[in-house]
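Each chain, written out:
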Amino acid sequence: MLGDVIDLLVCPVCRDDLILSDGSVRCPRGHSFDVARQGYLNLLNTPVRGDTPEMVAARTAFLERGHYAPIAETVAALSAGDVLDAGAGTGHYLARAVRDRGLALDVSKHALKKAAKAHPKIGAVAADVWKPLPVRDAAFDTVLNVFAPRNASEFHRVLKPTGRLITVTPNPDHLEPVVERFGLLTVDDEKDRRLSDTLGDHFARDVTEPVAGWLDLTAAEVMSVIAMGPNAWHARAGDVREGARVRMSVQVTVWRPKS
Ligand SMILES: C[S@@+](CC[C@H](N)C(=O)[O-])C[C@H]1O[C@@H](n2cnc3c(N)ncnc32)[C@H](O)[C@@H]1O
Ligand SMILES: [Zn+2]
């Protein structure tokens, strides 16, 4: 619930405390913010394009089939305490990883509607990962980042010194052979080095756990896997006529904040 995480948040305008009363959120200096009917708090100054309703529906359908359960289980086993999920989408991973309290951040209101209901311990907030996060310093034990944009300095700021960043990133063979067949975005061999480049000033790589397997997908599930990701902007999922045996291949990496 939003009320459980409000003391972990700050006003995005002046960085003062936020107070939730009578279903609305204010800071002591008079900045006020909307709580949507569906339960998420909007702390975005300007709207940002995130996942569309179609992408969120495809993601929900695919994740509910349990194909990525081994990823969620690995992430959950590595998480502790208060957990922030940056680019949380529907809150699927956070709902499994949350221990004490969970904060789902995303720019997509369609995703946040789902995240707000994903687990009783989760609060959902519209915020841009590329901007200063509306979150207190050293507030979280775990930051999750699952197939989503990364902001290394902000993730470092909001983590306790004893906390951990957990990233999930695709390997070059993830979603083969669907990637070639439908001309989707590919993951190149340099991606892992770039991940270290992006995070390396603020974090040291602690543990890397590969999660891999084969998924026997129906035609509808192949359509969902295409339509739920960045590929939705590139591919025509409607062209899928038959099911496929698809590779799942990601890495779950635990990062320790540098002091
Ligand atoms: C590929 S989806 C992953 C969602 C979720 N982590 C999952 O794996 O189910 C990427 C998510 O990042 C969100 N996103 C994109 N740009 C963002 C930004 N600048 N700040 C916050 N979230 C963003 C999208 O709306 C989307 O929900
Ligand atoms: Zn304020």
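Up top you'll find the structure we're talking about.
Each value, and the rule that gives it
Residues numbered from 1 in each chain as written. Chains lettered and ligands numbered in written order. Predicted model: local features only at pLDDT ≥ 70, side-chain atom pairs only at ≥ 80, totals over all residues. Heavy atoms only, no water. Helix = DSSP H or I, 4+ residues; strand = E, 2+ residues; numbered from the N terminus. Rg over C-alpha atoms; globule rule 2.2 N^0.38 Å. Buried < 20%, exposed > 50% of the residue type's maximum accessible area, 1.4 Å probe, protein only. Contact = heavy atoms within 4.5 Å. Areas by Shrake-Rupley, 256 points an atom, 1.4 Å probe, with all protein chains shown as cover. Lys, Arg positive; Asp, Glu negative; His and termini not counted. Charge placed at Lys NZ, Arg CZ, Asp CG, Glu CD. Pairing = 2+ DSSP bridges. Right-handed = clockwise from strand over helix to strand, strands pointing away. Donors = N, O, S within 2.8 Å, 3.2 Å for Na, K, Ca; no water. Tetrahedral: all angles 85-135°; square planar, octahedral: opposite > 155°, others 65-115°. Polar contact = N/O pair within 3.5 Å; in protein donor to acceptor, adjacent residues only side chain to side chain.

(A) Representation of the overall build of the protein chain within the structure. A count of helices and strands for the protein chain gives 9 helices and 11 strands. Its C-alpha atoms give the protein chain a radius of gyration of 18 Å, near enough to 18 Å, the size a compact globule of 259 residues would have. Summarising its shape, the C-alpha atoms of the protein chain cover approximately 55 × 40 × 30 Å along the three principal directions. For the protein chain, with 259 residues in total, the buried portion stands at 52%. Counting only contacts in the protein chain whose residues sit at least 6 apart along the sequence, the fraction spanning at least 24 positions is 62%. A total accessible area of about 11900 Å² is found for the protein chain, and carbon and sulfur atoms account for 50% of it. Between the averaged position of the 32 positive side-chain charges in the protein chain and that of its 33 negative side-chain charges there is a distance of 3 Å.

(B) Spotlight on the pairing of strand E9 (residues 159-170). Alignment of strand E8 (residues 140-146) against E9, held across 6 bridges, turns out to be parallel. Of the residues in E9, the one forming a bridge with Val 146 is Val 168. Handedness of the crossover joining E8 and E9 through helix H6 (residues 152-158): right-handed. Pairing analysis gives 6 bridges linking E9 to strand E11 (residues 244-257), with the strands arranged antiparallel.

(C) Structural context of the coordination of the zinc ion (ligand 2). Looking at the zinc ion (ligand 2), one finds its protein donor set to be Cys 11 (SG), Cys 14 (SG), Cys 27 (SG) and His 31 (ND1), positioned 2.1 to 2.3 Å from the metal centre. Considering all 4 donor atoms around the zinc ion (ligand 2), angles at the metal cover 99 to 116° and the coordination shape is tetrahedral. Donor residues for the zinc ion (ligand 2) sit on one chain with the sequence pattern C-x2-C-x12-C-x3-H. A residue is classified by how much of its surface remains accessible, and Cys 11, at 0% relative accessible area, is buried.

(D) Looking closely at the side chain of Ser 108. One can find Ser 108 in the loop between strand E6 (102-106) and helix H5 (109-115). Within the structure, Ser 108 has its side chain in polar contact with the backbone oxygen of Asp 51 (distance 2.7 Å). Residue contacts for Ser 108: discarding those within four places in its chain leaves Gly 50, Asp 51 and Val 56.

(E) Spotlight on helix H9 (residues 219-227). Among the residues of H9, those classed as buried are Ala 219, Glu 221, Val 222, Ser 224, Val 225 and Ile 226. Here the buried face of H9 lies against helix H2 (53-64), helix H7 (178-181), strand E10 (203-217) and E11.

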